[in-house]
Amino acid sequence: MIVGDRVELNLFTTLKCNLACSYCTEADGGSLGTQGDVTYSIEALKTFVDTHAHKKEVVVTFYGGEPTLNPTFIDEVIEALPLARFQLQTNGTLMDNVSTETLGKFSNILISVDGGELATDIYRGDGVFHQVTEAVKSIHPLVDGTITARMTWSGSNIEVQDFLDLAATFDYVYWQFVQAQGFYSSDQMKKKKEVIEELVNLFFTADKFIPLIPIMGIVRNKLFPHRAIEMYNGQTQCRAATHLLNITPDGGIYPCPDLTHDQSLRCGDVTTNTLGENMLKSTSDMPCSKCEAFSYCRQNCLKNLHVAYTQKDILFRTNITEPICELVRFLGRVVDKHDIKAWYGRQPPSVKQEILECSVYEYVEIMP
Ligand SMILES: C[S@@+](CC[C@H](N)C(=O)[O-])C[C@H]1O[C@@H](n2cnc3c(N)ncnc32)[C@H](O)[C@@H]1O
Ligand code: SF4
Ligand code: SF4
(Lines give C-alpha, C1' and ligand atoms only; values in the text may rest on other atoms or scores of the structure.)
(Ligands and ions follow the chains in the order given, each with its own letter.)
Protein backbone atom coordinates (compact mmCIF):
# COMPACT_ATOMS: atom_id res chain seq x y z
CA MET A 1 0.00 0.00 0.00
CA ILE A 2 1.13 3.56 -0.60
CA VAL A 3 2.46 5.40 2.46
CA GLY A 4 2.02 9.19 2.45
CA ASP A 5 0.56 11.66 -0.02
CA ARG A 6 2.94 11.20 -2.92
CA VAL A 7 2.97 8.43 -5.51
CA GLU A 8 5.58 7.73 -8.11
CA LEU A 9 4.58 5.49 -10.98
CA ASN A 10 7.52 4.17 -12.95
CA LEU A 11 5.76 2.94 -16.07
CA PHE A 12 7.88 0.54 -18.10
CA THR A 13 6.66 1.32 -21.61
CA THR A 14 8.49 -1.78 -22.85
CA LEU A 15 11.23 -4.10 -21.60
CA LYS A 16 12.93 -3.98 -25.00
CA CYS A 17 15.98 -1.81 -25.57
CA ASN A 18 18.04 -0.61 -28.52
CA LEU A 19 21.30 -0.61 -26.51
CA ALA A 20 23.16 -3.33 -24.61
CA CYS A 21 25.00 -1.52 -21.80
CA SER A 22 27.56 -3.84 -20.29
CA TYR A 23 26.49 -3.41 -16.63
CA CYS A 24 22.70 -3.19 -17.21
CA THR A 25 20.98 -4.42 -14.10
CA GLU A 26 17.89 -5.44 -16.08
CA ALA A 27 19.93 -7.59 -18.44
CA ASP A 28 21.71 -9.00 -15.39
CA GLY A 29 18.44 -9.85 -13.61
CA GLY A 30 17.06 -11.39 -16.81
CA SER A 31 14.09 -9.04 -17.31
CA LEU A 32 15.42 -6.99 -20.25
CA GLY A 33 13.72 -7.97 -23.49
CA THR A 34 11.25 -10.35 -21.80
CA GLN A 35 8.18 -8.18 -22.47
CA GLY A 36 7.24 -5.90 -25.36
CA ASP A 37 4.79 -3.02 -25.32
CA VAL A 38 2.24 -2.43 -22.58
CA THR A 39 -0.66 -4.90 -22.50
CA TYR A 40 -2.92 -3.24 -19.89
CA SER A 41 -5.39 -0.61 -21.07
CA ILE A 42 -5.21 3.12 -20.38
CA GLU A 43 -8.65 2.74 -18.76
CA ALA A 44 -7.20 0.18 -16.34
CA LEU A 45 -4.37 2.60 -15.48
CA LYS A 46 -6.86 5.42 -14.86
CA THR A 47 -8.96 3.18 -12.61
CA PHE A 48 -5.83 2.14 -10.70
CA VAL A 49 -4.77 5.77 -10.17
CA ASP A 50 -8.32 6.81 -9.16
CA THR A 51 -8.44 3.97 -6.63
CA HIS A 52 -4.97 3.99 -5.09
CA ALA A 53 -3.70 7.52 -5.68
CA HIS A 54 -6.86 9.55 -5.11
CA LYS A 55 -5.95 13.09 -3.93
CA LYS A 56 -2.25 12.19 -3.88
CA GLU A 57 0.51 13.95 -5.82
CA VAL A 58 1.36 11.69 -8.74
CA VAL A 59 4.64 11.73 -10.64
CA VAL A 60 4.84 9.40 -13.61
CA THR A 61 8.26 8.37 -14.90
CA PHE A 62 8.39 6.66 -18.27
CA TYR A 63 10.94 3.90 -17.86
CA GLY A 64 12.05 0.72 -19.56
CA GLY A 65 13.86 -1.02 -21.32
CA GLU A 66 14.05 2.06 -23.46
CA PRO A 67 10.82 4.04 -22.98
CA THR A 68 11.11 6.04 -26.20
CA LEU A 69 10.57 2.81 -28.17
CA ASN A 70 6.88 3.21 -27.28
CA PRO A 71 6.01 6.90 -27.74
CA THR A 72 2.30 6.26 -28.38
CA PHE A 73 1.83 4.91 -24.87
CA ILE A 74 3.65 7.94 -23.42
CA ASP A 75 1.24 10.29 -25.20
CA GLU A 76 -1.80 8.29 -24.12
CA VAL A 77 -0.77 8.37 -20.46
CA ILE A 78 -0.05 12.12 -20.53
CA GLU A 79 -3.51 12.67 -21.99
CA ALA A 80 -5.16 10.34 -19.45
CA LEU A 81 -3.64 11.74 -16.24
CA PRO A 82 -4.05 15.54 -16.28
CA LEU A 83 -3.14 15.94 -12.59
CA ALA A 84 0.20 14.15 -12.82
CA ARG A 85 3.71 15.45 -13.44
CA PHE A 86 5.78 13.55 -16.00
CA GLN A 87 9.38 12.53 -16.23
CA LEU A 88 11.28 10.56 -18.86
CA GLN A 89 14.23 8.26 -17.99
CA THR A 90 15.91 7.53 -21.28
CA ASN A 91 19.18 6.49 -22.87
CA GLY A 92 18.76 9.57 -25.07
CA THR A 93 19.60 7.90 -28.37
CA LEU A 94 16.08 7.94 -29.83
CA MET A 95 14.89 11.42 -28.93
CA ASP A 96 13.53 11.87 -32.48
CA ASN A 97 10.80 9.37 -31.49
CA VAL A 98 9.43 11.95 -29.03
CA SER A 99 7.39 14.78 -30.55
CA THR A 100 8.13 18.43 -29.77
CA GLU A 101 4.73 18.69 -28.12
CA THR A 102 5.47 15.76 -25.82
CA LEU A 103 8.92 17.10 -24.91
CA GLY A 104 7.18 20.22 -23.63
CA LYS A 105 5.13 18.14 -21.17
CA PHE A 106 8.00 16.70 -19.11
CA SER A 107 8.93 18.24 -15.77
CA ASN A 108 12.28 16.51 -15.95
CA ILE A 109 14.15 14.33 -18.42
CA LEU A 110 16.81 12.02 -17.03
CA ILE A 111 19.32 11.10 -19.72
CA SER A 112 21.78 8.30 -19.01
CA VAL A 113 25.54 8.67 -19.38
CA ASP A 114 28.49 6.98 -17.70
CA GLY A 115 30.70 10.03 -17.17
CA GLY A 116 32.47 11.49 -20.19
CA GLU A 117 32.83 10.24 -23.74
CA LEU A 118 35.47 7.63 -22.90
CA ALA A 119 33.45 5.81 -20.23
CA THR A 120 30.05 6.26 -21.87
CA ASP A 121 31.19 4.81 -25.17
CA ILE A 122 32.91 1.87 -23.44
CA TYR A 123 29.81 0.84 -21.49
CA ARG A 124 26.98 2.10 -23.73
CA GLY A 125 28.45 1.78 -27.22
CA ASP A 126 30.58 3.71 -29.70
CA GLY A 127 29.37 7.22 -30.44
CA VAL A 128 26.64 7.20 -27.77
CA PHE A 129 28.07 10.10 -25.73
CA HIS A 130 28.26 12.41 -28.74
CA GLN A 131 24.80 11.41 -29.91
CA VAL A 132 23.28 12.01 -26.49
CA THR A 133 24.97 15.33 -25.70
CA GLU A 134 24.01 16.64 -29.16
CA ALA A 135 20.42 15.55 -28.49
CA VAL A 136 20.43 17.45 -25.18
CA LYS A 137 21.55 20.63 -26.93
CA SER A 138 18.87 20.33 -29.59
CA ILE A 139 15.95 19.47 -27.29
CA HIS A 140 16.85 21.90 -24.50
CA PRO A 141 14.94 24.85 -26.00
CA LEU A 142 11.86 22.61 -26.47
CA VAL A 143 11.74 21.37 -22.88
CA ASP A 144 9.86 23.43 -20.31
CA GLY A 145 11.21 21.33 -17.41
CA THR A 146 14.78 20.39 -16.56
CA ILE A 147 17.22 17.94 -18.15
CA THR A 148 19.33 15.91 -15.74
CA ALA A 149 22.36 13.76 -16.50
CA ARG A 150 21.76 10.39 -14.85
CA MET A 151 25.31 9.19 -14.58
CA THR A 152 26.21 5.65 -13.66
CA TRP A 153 29.68 5.77 -12.10
CA SER A 154 31.32 2.48 -12.91
CA GLY A 155 34.99 2.28 -13.89
CA SER A 156 38.09 4.28 -13.04
CA ASN A 157 37.97 6.23 -16.28
CA ILE A 158 35.94 9.09 -14.82
CA GLU A 159 37.55 12.41 -13.92
CA VAL A 160 36.36 15.57 -12.16
CA GLN A 161 36.34 17.35 -15.52
CA ASP A 162 33.71 14.88 -16.77
CA PHE A 163 31.34 16.04 -14.02
CA LEU A 164 32.02 19.69 -14.84
CA ASP A 165 31.39 19.09 -18.54
CA LEU A 166 28.10 17.34 -17.75
CA ALA A 167 27.10 20.19 -15.43
CA ALA A 168 27.72 22.61 -18.30
CA THR A 169 25.54 20.63 -20.73
CA PHE A 170 22.70 19.51 -18.44
CA ASP A 171 20.70 21.41 -15.79
CA TYR A 172 21.71 18.93 -13.07
CA VAL A 173 23.99 15.94 -12.64
CA TYR A 174 22.87 12.99 -10.55
CA TRP A 175 25.27 10.07 -10.23
CA GLN A 176 24.79 6.59 -8.87
CA PHE A 177 27.59 4.15 -8.10
CA VAL A 178 27.23 1.14 -10.37
CA GLN A 179 25.62 -1.89 -8.78
CA ALA A 180 27.61 -4.59 -10.49
CA GLN A 181 30.55 -6.86 -9.81
CA GLY A 182 34.09 -5.85 -10.68
CA PHE A 183 34.12 -2.12 -9.99
CA TYR A 184 35.25 -1.82 -6.35
CA SER A 185 38.80 -3.23 -6.07
CA SER A 186 41.06 -1.30 -3.69
CA ASP A 187 42.64 0.57 -6.61
CA GLN A 188 39.22 1.49 -7.97
CA MET A 189 38.02 2.65 -4.53
CA LYS A 190 41.15 4.80 -4.15
CA LYS A 191 40.53 6.46 -7.52
CA LYS A 192 36.84 7.03 -6.77
CA LYS A 193 37.72 8.63 -3.42
CA GLU A 194 40.26 10.94 -5.05
CA VAL A 195 37.67 12.12 -7.55
CA ILE A 196 35.00 12.52 -4.83
CA GLU A 197 37.33 14.60 -2.65
CA GLU A 198 38.31 16.90 -5.51
CA LEU A 199 34.70 17.24 -6.65
CA VAL A 200 33.41 18.14 -3.18
CA ASN A 201 36.21 20.67 -2.66
CA LEU A 202 35.33 22.27 -5.96
CA PHE A 203 31.63 22.33 -5.11
CA PHE A 204 32.32 24.41 -1.98
CA THR A 205 35.03 26.69 -3.39
CA ALA A 206 33.96 27.40 -7.01
CA ASP A 207 32.69 30.89 -7.83
CA LYS A 208 29.73 29.40 -9.64
CA PHE A 209 27.21 26.91 -8.20
CA ILE A 210 27.77 23.38 -9.57
CA PRO A 211 24.43 21.50 -9.67
CA LEU A 212 25.51 18.06 -8.42
CA ILE A 213 22.43 16.43 -6.86
CA PRO A 214 24.16 14.03 -4.42
CA ILE A 215 26.24 16.83 -2.85
CA MET A 216 23.26 19.21 -2.82
CA GLY A 217 21.18 16.49 -1.15
CA ILE A 218 23.79 15.80 1.53
CA VAL A 219 23.99 19.53 2.31
CA ARG A 220 20.19 19.68 2.51
CA ASN A 221 19.98 16.66 4.79
CA LYS A 222 22.74 17.91 7.06
CA LEU A 223 21.35 21.45 7.38
CA PHE A 224 17.63 20.62 7.26
CA PRO A 225 17.26 16.98 8.40
CA HIS A 226 13.47 17.14 8.53
CA ARG A 227 13.41 17.24 4.70
CA ALA A 228 15.01 13.78 4.56
CA ILE A 229 12.29 12.50 6.86
CA GLU A 230 9.04 14.15 5.87
CA MET A 231 9.34 13.54 2.11
CA TYR A 232 9.62 9.78 2.70
CA ASN A 233 7.47 9.44 5.83
CA GLY A 234 10.57 8.64 7.86
CA GLN A 235 11.40 5.65 5.69
CA THR A 236 14.02 5.01 3.03
CA GLN A 237 15.13 7.97 0.95
CA CYS A 238 14.98 5.85 -2.23
CA ARG A 239 11.15 5.87 -1.92
CA ALA A 240 10.91 2.12 -2.52
CA ALA A 241 9.57 1.52 1.00
CA THR A 242 6.76 4.05 0.69
CA HIS A 243 5.51 5.31 -2.65
CA LEU A 244 7.44 4.02 -5.66
CA LEU A 245 5.42 1.67 -7.86
CA ASN A 246 7.21 0.09 -10.80
CA ILE A 247 4.71 -1.17 -13.33
CA THR A 248 5.95 -3.61 -15.96
CA PRO A 249 4.28 -3.76 -19.41
CA ASP A 250 2.07 -6.69 -18.29
CA GLY A 251 0.68 -4.58 -15.41
CA GLY A 252 2.73 -6.24 -12.62
CA ILE A 253 3.76 -3.92 -9.76
CA TYR A 254 7.09 -4.02 -7.90
CA PRO A 255 8.68 -1.69 -5.32
CA CYS A 256 12.08 -1.35 -7.02
CA PRO A 257 12.84 -0.81 -10.72
CA ASP A 258 15.85 -3.14 -10.47
CA LEU A 259 13.95 -6.03 -8.91
CA THR A 260 11.11 -6.61 -11.38
CA HIS A 261 12.54 -10.07 -12.09
CA ASP A 262 11.88 -11.08 -8.45
CA GLN A 263 8.34 -12.49 -8.33
CA SER A 264 8.41 -12.63 -4.51
CA LEU A 265 8.30 -8.81 -4.59
CA ARG A 266 5.35 -8.55 -6.98
CA CYS A 267 2.80 -6.62 -4.92
CA GLY A 268 -0.03 -5.81 -7.28
CA ASP A 269 -1.43 -5.67 -10.77
CA VAL A 270 -2.90 -2.81 -12.78
CA THR A 271 -5.08 -5.16 -14.83
CA THR A 272 -6.89 -6.42 -11.70
CA ASN A 273 -6.64 -3.06 -9.86
CA THR A 274 -4.89 -4.66 -6.90
CA LEU A 275 -2.15 -3.39 -4.63
CA GLY A 276 -0.98 -5.49 -1.67
CA GLU A 277 1.81 -5.46 0.89
CA ASN A 278 5.25 -4.21 -0.10
CA MET A 279 7.68 -6.99 0.83
CA LEU A 280 10.79 -4.84 0.23
CA LYS A 281 11.34 -3.86 3.84
CA SER A 282 13.96 -2.32 6.02
CA THR A 283 14.95 -4.87 8.68
CA SER A 284 17.15 -4.98 11.77
CA ASP A 285 19.62 -7.19 9.83
CA MET A 286 20.61 -4.07 7.92
CA PRO A 287 23.48 -2.12 9.49
CA CYS A 288 22.00 1.35 8.95
CA SER A 289 20.90 2.30 12.48
CA LYS A 290 24.52 2.14 13.64
CA CYS A 291 25.96 3.81 10.55
CA GLU A 292 27.54 7.28 10.73
CA ALA A 293 25.86 8.15 7.40
CA PHE A 294 22.33 7.29 8.45
CA SER A 295 21.13 10.87 9.07
CA TYR A 296 21.83 11.93 5.49
CA CYS A 297 21.81 8.58 3.63
CA ARG A 298 18.63 7.24 5.22
CA GLN A 299 18.98 3.79 3.64
CA ASN A 300 19.32 5.29 0.25
CA CYS A 301 19.24 2.05 -1.74
CA LEU A 302 16.90 -0.51 -0.26
CA LYS A 303 17.71 -2.89 -3.11
CA ASN A 304 21.41 -3.01 -2.19
CA LEU A 305 20.45 -3.59 1.45
CA HIS A 306 17.79 -6.20 0.64
CA VAL A 307 20.03 -8.29 -1.59
CA ALA A 308 22.94 -8.09 0.86
CA TYR A 309 21.22 -8.51 4.23
CA THR A 310 17.77 -10.04 3.61
CA GLN A 311 18.64 -12.37 0.74
CA LYS A 312 22.12 -12.69 2.29
CA ASP A 313 23.97 -12.66 -1.03
CA ILE A 314 27.51 -12.48 0.35
CA LEU A 315 29.25 -11.65 -2.93
CA PHE A 316 26.79 -8.83 -3.59
CA ARG A 317 27.28 -7.56 -0.03
CA THR A 318 31.07 -7.58 -0.07
CA ASN A 319 31.64 -6.51 -3.68
CA ILE A 320 28.80 -4.01 -4.15
CA THR A 321 26.77 -2.95 -1.08
CA GLU A 322 29.64 -2.50 1.38
CA PRO A 323 31.96 -0.59 -0.96
CA ILE A 324 29.09 1.70 -2.01
CA CYS A 325 28.23 2.36 1.66
CA GLU A 326 31.90 3.11 2.29
CA LEU A 327 31.85 5.67 -0.53
CA VAL A 328 28.65 7.24 0.85
CA ARG A 329 30.31 7.59 4.27
CA PHE A 330 33.46 8.98 2.64
CA LEU A 331 31.38 11.52 0.74
CA GLY A 332 29.78 12.68 4.00
CA ARG A 333 33.17 13.00 5.71
CA VAL A 334 34.59 15.08 2.89
CA VAL A 335 31.52 17.35 2.98
CA ASP A 336 32.06 17.71 6.76
CA LYS A 337 35.53 19.16 6.15
CA HIS A 338 33.77 22.28 4.86
CA ASP A 339 31.83 24.85 6.85
CA ILE A 340 28.56 24.10 5.08
CA LYS A 341 26.54 26.55 7.19
CA ALA A 342 28.83 29.41 6.22
CA TRP A 343 28.82 28.27 2.57
CA TYR A 344 25.01 28.12 2.53
CA GLY A 345 24.79 31.53 4.17
CA ARG A 346 26.85 33.06 1.34
CA GLN A 347 24.64 31.68 -1.45
CA PRO A 348 22.08 33.82 -3.31
CA PRO A 349 18.39 33.01 -2.67
CA SER A 350 18.10 30.99 -5.89
CA VAL A 351 20.88 28.60 -4.80
CA LYS A 352 19.47 28.35 -1.27
CA GLN A 353 16.15 27.33 -2.78
CA GLU A 354 17.83 24.76 -5.03
CA ILE A 355 19.55 23.20 -2.04
CA LEU A 356 16.39 23.14 0.02
CA GLU A 357 13.77 22.01 -2.47
CA CYS A 358 15.20 21.15 -5.87
CA SER A 359 12.42 19.29 -7.68
CA VAL A 360 14.89 16.67 -8.97
CA TYR A 361 15.12 15.31 -5.40
CA GLU A 362 11.62 13.97 -5.99
CA TYR A 363 12.65 11.95 -9.01
CA VAL A 364 16.00 10.38 -8.09
CA GLU A 365 17.50 8.60 -5.10
CA ILE A 366 19.55 11.73 -4.13
CA MET A 367 22.35 9.70 -2.54
CA PRO A 368 24.57 7.87 -5.02
C1 LIG B 1 17.79 0.46 -16.53
S2 LIG B 1 17.88 2.00 -17.36
C3 LIG B 1 16.26 2.11 -18.11
C4 LIG B 1 15.99 3.41 -18.84
C5 LIG B 1 16.83 3.69 -20.07
N6 LIG B 1 17.01 2.59 -20.91
C7 LIG B 1 18.15 4.31 -19.69
O8 LIG B 1 19.20 3.72 -19.94
O9 LIG B 1 18.12 5.41 -19.14
C10 LIG B 1 17.77 3.22 -16.04
C11 LIG B 1 19.09 3.64 -15.44
O12 LIG B 1 19.63 2.55 -14.70
C13 LIG B 1 21.03 2.62 -14.85
N14 LIG B 1 21.62 1.31 -14.53
C15 LIG B 1 21.50 0.18 -15.23
N16 LIG B 1 22.20 -0.80 -14.67
C17 LIG B 1 22.77 -0.28 -13.55
C18 LIG B 1 23.61 -0.80 -12.54
N19 LIG B 1 24.03 -2.06 -12.58
N20 LIG B 1 24.00 0.04 -11.53
C21 LIG B 1 23.59 1.34 -11.50
N22 LIG B 1 22.80 1.88 -12.43
C23 LIG B 1 22.40 1.08 -13.46
C24 LIG B 1 21.23 3.03 -16.27
O25 LIG B 1 22.54 3.54 -16.49
C26 LIG B 1 20.15 4.07 -16.42
O27 LIG B 1 20.66 5.34 -16.05
S1 SF4 C 1 19.91 1.70 -22.35
FE2 SF4 C 1 19.03 1.40 -20.29
S3 SF4 C 1 17.77 -0.49 -20.39
FE4 SF4 C 1 19.04 -0.37 -22.27
S5 SF4 C 1 20.77 -1.70 -21.83
FE6 SF4 C 1 21.35 0.42 -21.28
S7 SF4 C 1 20.81 0.70 -19.09
FE8 SF4 C 1 19.80 -1.17 -19.84
S1 SF4 D 1 25.70 4.10 4.05
FE2 SF4 D 1 24.88 2.00 3.89
S3 SF4 D 1 24.80 1.25 5.99
FE4 SF4 D 1 24.98 3.49 6.08
S5 SF4 D 1 22.87 4.25 6.22
FE6 SF4 D 1 23.46 4.24 4.05
S7 SF4 D 1 22.72 2.28 3.26
FE8 SF4 D 1 22.77 2.10 5.52
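Note: the structure precedes this text.
Residues numbered from 1 in each chain as written. Chains lettered and ligands numbered in written order. Predicted model: local features only at pLDDT ≥ 70, side-chain atom pairs only at ≥ 80, totals over all residues. Heavy atoms only, no water.

A. Layout of the site of ligand 1. The full set close to ligand 1 counts 18 residues, and G65, Q89, S112, T152 and Q179 are the nearest of them. In the model, an oxygen atom of ligand 1 is placed 2.6 Å from a nitrogen or oxygen of the S112 side chain. A distance of 3.4 Å separates an oxygen atom of ligand 1 from a polar atom in the side chain of R150. Against a free-state accessible area of 540 Å², the protein chains account for coverage of 96% of ligand 1. Elements that contribute at least two residues to the shell around ligand 1 include exactly α1 (25–29), β3 (85–90) and β5 (146–153). (Near = heavy atom within 4 Å. Polar contact = N/O pair within 3.5 Å; in protein donor to acceptor, adjacent residues only side chain to side chain. Areas by Shrake-Rupley, 256 points an atom, 1.4 Å probe, with all protein chains shown as cover. Helix = DSSP H or I, 4+ residues; strand = E, 2+ residues; numbered from the N terminus.)

B. Region of interest: unusual backbone geometry. For N233, which is not a glycine, the phi torsion comes out positive at approximately 50°. With respect to the element layout, N233 can be found in the loop between α10 (227–230) and β7 (244–247). Within the chain, R298 stands out as a residue other than glycine whose phi angle is a positive 50°. Its location among the elements puts R298 in the loop between α11 (294–297) and α12 (302–310).

C. Summary view of the site of ligand 3. What surrounds ligand 3 is the set P287, C288, C291, F294, C297, L305, C325 and R329. Counting only elements with at least two residues in the shell around ligand 3, the list comes to α11 and α13 (314–336). Residue composition of the shell around ligand 3, by class: seven nonpolar, no polar and one charged. (Nonpolar A, V, L, I, M, F, W, Y, C, P; charged D, E, K, R; others polar.)

D. Spatial organisation of helix α9 (residues 213–223). Most of α9 is tucked away: nine of the 11 residues are buried. Of the residues making up α9, those classed as buried are I213, P214, I215, M216, G217, I218, V219, R220 and N221. (Buried < 20%, exposed > 50% of the residue type's maximum accessible area, 1.4 Å probe, protein only.)

E. Representation of the nonpolar core in the model. If you look at the biggest cluster of nonpolar residues, it comprises 124 residues, and the most contacted ones within it are L11, V60, F62, V77, F163 and F203. Apart from the residues within four sequence positions on either side, F163 is in contact with M151, W153, I158, V173, W175, V195, L199 and L212. (Core = buried A, V, L, I, M, F, W, Y, C linked by side-chain atoms within 4.5 Å. Contact = heavy atoms within 4.5 Å.)

F. Molecular detail of the pairing of strand β4 (residues 108–113). Judged by how many residues are buried, β4 sits mostly within the fold: six of six residues are covered. Because side chains alternate across β4, one face comprises the buried residues N108, L110 and S112, and the other comprises I109, I111 and V113, equally buried. Of the pairings in the sheet, the one linking β3 to β4 comprises four bridges and is parallel in character. Within the sheet, the bridge partner assigned to Q89 lies in β4 and is L110. Across six bridges, β4 lies against β5 in parallel orientation. Opposite S112, over in β5, you have R150 as the bridge partner. (Pairing = 2+ DSSP bridges.)

G. Looking closely at the pattern of salt bridges. Taken as a whole and assessed by the stated rule, the structure comprises 22 salt bridges. When the shortest N-O distance is used, the salt bridge between R85 and E362 registers 3.0 Å. A residue pair is termed long-range when its members are at least 10 positions apart, and R85 in strand β3 and E362 in the segment after α15 (349–357) qualify at 277 residues. Under the relative-accessibility criterion, R85 is labelled partly exposed at 25%. The buried category is assigned to E362, whose relative accessible area is 17%. (Salt bridge = Lys/Arg side-chain N within 4 Å of Asp/Glu carboxyl O.)

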